[in-house]
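Inside the fold
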Amino acid sequence: MIRNLGYACINMHLQKSKITTNRGMKRATFLAKGLPYASELALKNVIDLEKVIIWNEENDIKFFRISSDIFPWCSEYEFTQLPDYHKIKEVMERIAYYVRLHKHRLSAHPGPFNLLASPNEAVVKKTLIELENHSKVFDLLELEESVYNKINIHIGATYNNKELAANTWVKNVRRLSDTCLSRLTVENDDKASMWSVKELYEMVHSQCSVPIVFDYHHHSFCTGGLSEFEALQTATKTWPYDIIPVVHYSEGKSVHLNDSTIRPQAHSELINGPIKTYGINVDVMIECKGKEQGLLNFRKSILLKD
DNA sequence: CCAGGTCAAGGGAGT
DNA sequence: ACTCCCTTGACCTGG
């Protein structure tokens, strides 16, 4: 059964009035303008995050993915160094209270450059810092230390040796702080050569408690020999018994537009469903270009059917 | 104001 | 060897 529907990072409606949480800048600008400008953008992002979350509550949406761009270039400094840190913290505390009051579920999805299985130690170190920074944002929001508020990544590579890559990934996961690790999840990939739910279960989850996020669309490109139901069941049973597992749902743009030249992995504007849960309770993160519009549209379509 | 070229990162796949 | 893509397009410059 679908419990909560969520959407990722951008609110299309609010964005029209310049309310956005991912103001950033190019490297050159960061080098030229430094911390004061990073701080200015971060404060604006955080102020707008509050607006987005309030909008979510008013529209009965209690599940949202926070943009990784909320603190621009944050791998280059400590949050406390930002000139506006106290103002930022104040807003974050207000959001924290609101989120707790209205029982919102927040998550994050650090990008494809986060590679814990890399044989390159410099890459791993950067990844560890990036993941810890996501966790620090969650700390500012006073989010609980569990996969209720997940920080989700992919393994992202195989280095021609999945066994070794899985072992390296698990070894490096243990270098994270307990807080960060308590929030970490790992997701199945959208390419046949990469990581299926089956492989994540057998090679990764068997060695560490990190739960598996099941992505329906990705699964269709990388089944690992499991049916949709089997993969969903395998992934969701890796979650703590008292936390509703999160799954990701999207549909192919090429299917929606009936255009085979579009790569099949690309996401459609809206989604039609059905989202088959096979009786399993899940919170569904909807990934479509239309963001919250896709969620609202889909929710309306379910209500009409019932 | 707008279109379009450009933009941190690692790795894999396609040309 | 080069280019595109990925979580999530957005920044920024030149016209």
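For the structure itself, consult the block above.
The following paragraphs examine the structure supplied in this document. (Residues numbered from 1 in each chain as written. Chains lettered and ligands numbered in written order. Predicted model: local features only at pLDDT ≥ 70, side-chain atom pairs only at ≥ 80, totals over all residues. Heavy atoms only, no water.)

**Digging into the protein's contact with DNA strand C**
Short version of the rule: One heavy atom within 4 Å of a molecule or strand is enough for the residue carrying it to be called near that molecule or strand. Pairs of N or O atoms are called polar contacts if they sit within 3.5 Å, as long as, within protein, a hydrogen donor faces a hydrogen acceptor (for residues adjacent in sequence, only side-chain-to-side-chain pairs). The nonpolar class holds Ala, Val, Leu, Ile, Met, Phe, Trp, Tyr, Cys and Pro. Asp, Glu, Lys and Arg form the charged class, and all remaining residues, Gly among them, are polar.
Neighbouring DNA strand C are 21 residues, the closest being Thr-29, Ser-68, Arg-263, Lys-289 and Lys-291. Within 4 Å of the protein, the contacting atoms of DNA strand C are drawn from sugar and phosphate to the extent of 64%. A distance of 2.6 Å is found between a phosphate oxygen of DNA strand C and a side-chain nitrogen or oxygen belonging to Lys-289. Looking at the surface near DNA strand C residue by residue, the classes come out as 4 nonpolar, 9 polar and 8 charged.

**What to know about unusual backbone geometry**
Our working rule: Starting at the N terminus, helices and strands are each numbered in turn, a helix being any DSSP run of H or I of at least four residues and a strand any DSSP run of E of at least two. Type-normalised accessible area, obtained with a 1.4 Å probe on protein chains alone, sets the label of each residue: buried when under 20%, exposed when over 50%, and partly exposed for intermediate values.
Residue Pro-274 is bonded to the preceding Gly-273 through a cis peptide linkage, with omega at 0°. Relative to the helices and strands, Pro-274 resides in the loop between α10 (253-256) and β8 (282-286). Phi angles above zero are rare outside glycine, and Glu-142 is one such case at about 55°. In this fold, Glu-142 is placed in the loop between α4 (121-140) and β4 (151-153). Classification of Glu-142 as partly exposed rests on a relative accessible area of 38%.

**A few points about the protein's contact with DNA strand B**
The full set close to DNA strand B counts 13 residues, and Arg-27, Phe-113, Ser-118, Tyr-159 and Ser-193 are the nearest of them. Per the 4 Å cut-off to the protein, sugar and phosphate atoms form 52% of the nearby atoms of DNA strand B. Residues that form the surface near DNA strand B fall into these classes: 6 nonpolar, 3 polar and 4 charged.

**Overview of the packing of aromatic side chains**
Put simply, the rule is: Here the aromatic set is Phe, Tyr and Trp, taking the six-membered ring for Trp, and pairing holds for ring centres within 6.5 Å; pairs whose planes are under 30 degrees apart are stacked, those over 60 apart are edge-to-face, and all others are tilted. Criterion for a charge above a ring: Lys NZ or Arg CZ within 6 Å of the ring centre, and within 35 degrees of the ring normal.
Taken as a whole and judged by the stated rule, the model has 7 aromatic pairs. Their ring planes at 45° and their centres at 5.2 Å tell us that Phe-229 and Tyr-278 sit as a pair that is tilted. Here the residue Phe-229 occupies a position in helix α9 (residues 228-236), and Tyr-278 occupies one in the loop between α10 and β8, the gap between them amounting to 49 residues. Residue classification places Phe-229 among the partly exposed positions, given a relative accessible area of 31%. Every member of this aromatic cluster is reached through a ring pair, and the members are Phe-30, Trp-73 and Tyr-77. Over the ring of Trp-195 we find Lys-162, and its NZ or CZ is 5.6 Å from the ring centre.

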